[in-house]
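Fold and geometry: a report
Okay, here's what each chain looks like letter by letter:
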Amino acid sequence: GAGVSQSPSNKVTEKGKDVELRCDPISGHTALYWYRQSLGQGLEFLIYFQGNSAPDKSGLPSDRFSAERTGGSVSTLTIQRTQQEDSAVYLCASSLKSGAGNTEAFFGQGTRLTVV
Amino acid sequence: QQQVKQSPQSLIVQKGGISIINCAYENTAFDYFPWYQQFPGKGPALLIAIRPDVSEKKEGRFTISFNKSAKQFSLHIMDSQPGDSATYFCAASRSSTLGRLYFGRGTQLTVWP
């Protein structure tokens, strides 16, 4: 596809269940981000992958959250034992790092997670 | 610690007016400063970006002003239109292979017709 693709677009889950959110970045993009956005709020950084470097996990709010990026492409964000406060829109973005520095980060449409 | 501080949190402007959103940063290693625009139900999209070797960049009605010594940058929207009503985020990053984007908290802009 031409853009960043996230699936599912909407997810309703029961409290205590595990969920997996998927992100397909733009082909060739080496950097991948996950952000969380609660209703009417800003972008909360979760995790950042850049090439083969160790990911920056400093934004993960608890050990219930984890993410991986397989083969430098697709990424999965997993939330274990979901809580109601996990309800938010989860946004993925990717960008192309080059020797000239940073380039535009492209965002997906997000996954709206509702924990009931 | 918030690496990029953005103000105001919300802004109401009349059609045809000038919208101004301000951001400040602490890390002098930052060398890339983009602004993102987000409409409800959509992901943020790049609006305009600047690097510190210039003090101003203009694209249509949108202008970034950059003050390196003050570590501040701002977005000016001239002749604001109702279609500009959205949430705007400033951001900053370093041009290193490990540098990630740091976002401000966002400004919700409403342009009255």
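In case you missed it, the structure is sitting above this.
Throughout what follows, the structure given in this document is the object of discussion. (Residues numbered from 1 in each chain as written. Chains lettered and ligands numbered in written order. Predicted model: local features only at pLDDT ≥ 70, side-chain atom pairs only at ≥ 80, totals over all residues. Heavy atoms only, no water.)

**Regarding the side chain of A:Ser95**
For the record, the criterion: What counts as a helix is a DSSP run of H or I of at least four residues, what counts as a strand is a run of E of at least two, and both are numbered from the N terminus. Here, two residues are considered to be in contact whenever any of their heavy atoms come within 4.5 Å of each other.
On the secondary structure map, A:Ser95 appears in strand β8 (residues 88-95). The residues touching A:Ser95, leaving out its near neighbours within four places in the chain, are A:His29, A:Thr30, A:Ala31, A:Tyr33, A:Thr103, A:Glu104 and A:Ala105.

**Considering the sheet that holds strand β7 (residues 75-79) of chain A**
Residue and element names in this part refer to chain A. Put simply, the rule is: Any two strands between which DSSP finds at least two bridges are classified as paired. Note on method: axes are straight lines fitted to C-alpha atoms, helices fitted across the in-contact stretch only, with angles between N-to-C directions ranging 0 to 180 degrees.
Taken together, the four strands give an open sheet; going across it, the order is β1-β3-β7-β6, and neighbouring strands pair in antiparallel fashion. The open sheet has two edge strands, β1 (5-7) and β6 (65-69), and neither has a second partner. Along the sheet, successive strands turn relative to each other by an average axial angle of 15°, direction set aside. Bridging between β1 and strand β3 (residues 19-24) involves three bridges; their strand directions are antiparallel. Note that in β3 the partner of Ser5 across the bridge is Asp24.

**Some details on the interface of chain A and chain B**
Which entries qualify depends on this criterion: Defined here as a combined quantity, buried area equals the accessible surface (1.4 Å probe) lost by two parts on assembly, summed across both. The term salt bridge refers to a side-chain nitrogen of Lys or Arg lying within 4 Å of a carboxyl oxygen of Asp or Glu. Any pair of nitrogen or oxygen atoms within 3.5 Å is treated as a polar contact; in protein, a donor-acceptor pairing is required on top of that, and neighbouring residues in sequence qualify only through side-chain atoms on both sides. Polar here means any residue other than Ala, Val, Leu, Ile, Met, Phe, Trp, Tyr, Cys and Pro, which are nonpolar, and Asp, Glu, Lys and Arg, which are charged; Gly is therefore polar.
Between chain A and chain B, the residue contacts involve 23 residues of the former and 21 residues of the latter. The contact between chain A and chain B buries some 1700 Å² in all, and 51% of this surface belongs to carbon and sulfur atoms. Viewed at the interface, chain B and chain A are joined by one salt bridge. Counting across the chain A and chain B interface gives five residue pairs in polar contact (both at pLDDT 80 or more). Elements represented by at least two residues in the side of chain A that touches chain B include exactly β4 (31-37), β5 (44-50) and β9 (105-107) of chain A. For the side of chain A that touches chain B, a count of residues per class yields nine nonpolar, 11 polar and three charged.

**Here's the deal with the pattern of salt bridges**
Where charged atoms from two side chains of opposite charge approach closely, those side chains can pair. Note the threshold: Residue burial is assigned from relative accessible area. The probe radius is 1.4 Å, only protein chains are included, and a residue is buried under 20% of its type maximum, exposed over 50%, and partly exposed in between.
All told, the structure shown has seven salt bridges over all chains when counted by the stated rule. Ionic pairing is found between A:Asp86 and A:Arg64, a salt bridge with its closest N-O pair at 2.8 Å. Placement of the pair is A:Asp86 in the loop between β7 and β8 and A:Arg64 in the loop between β5 and β6, with a sequence separation of 22 residues. For the residue pair A:Asp86 and A:Arg64, the accessibility class agrees, reading buried in each case. In this structure, B:Glu26 and B:Lys71 form a salt bridge, with 3.8 Å as the shortest nitrogen-oxygen distance. Highlighted residues: B:Glu26 in the loop between β3 (19-25) and β4 (33-38) and B:Lys71 in the loop between β7 (62-67) and β8 (72-77), separated in sequence by 45 residues. B:Glu26 gets classed as partly exposed once you look at its relative accessible area, which sits at 48%. The exposure class assigned to B:Lys71 is partly exposed, which follows from its relative accessible area of 23%.

Purely geometric numbers; function is a separate question.
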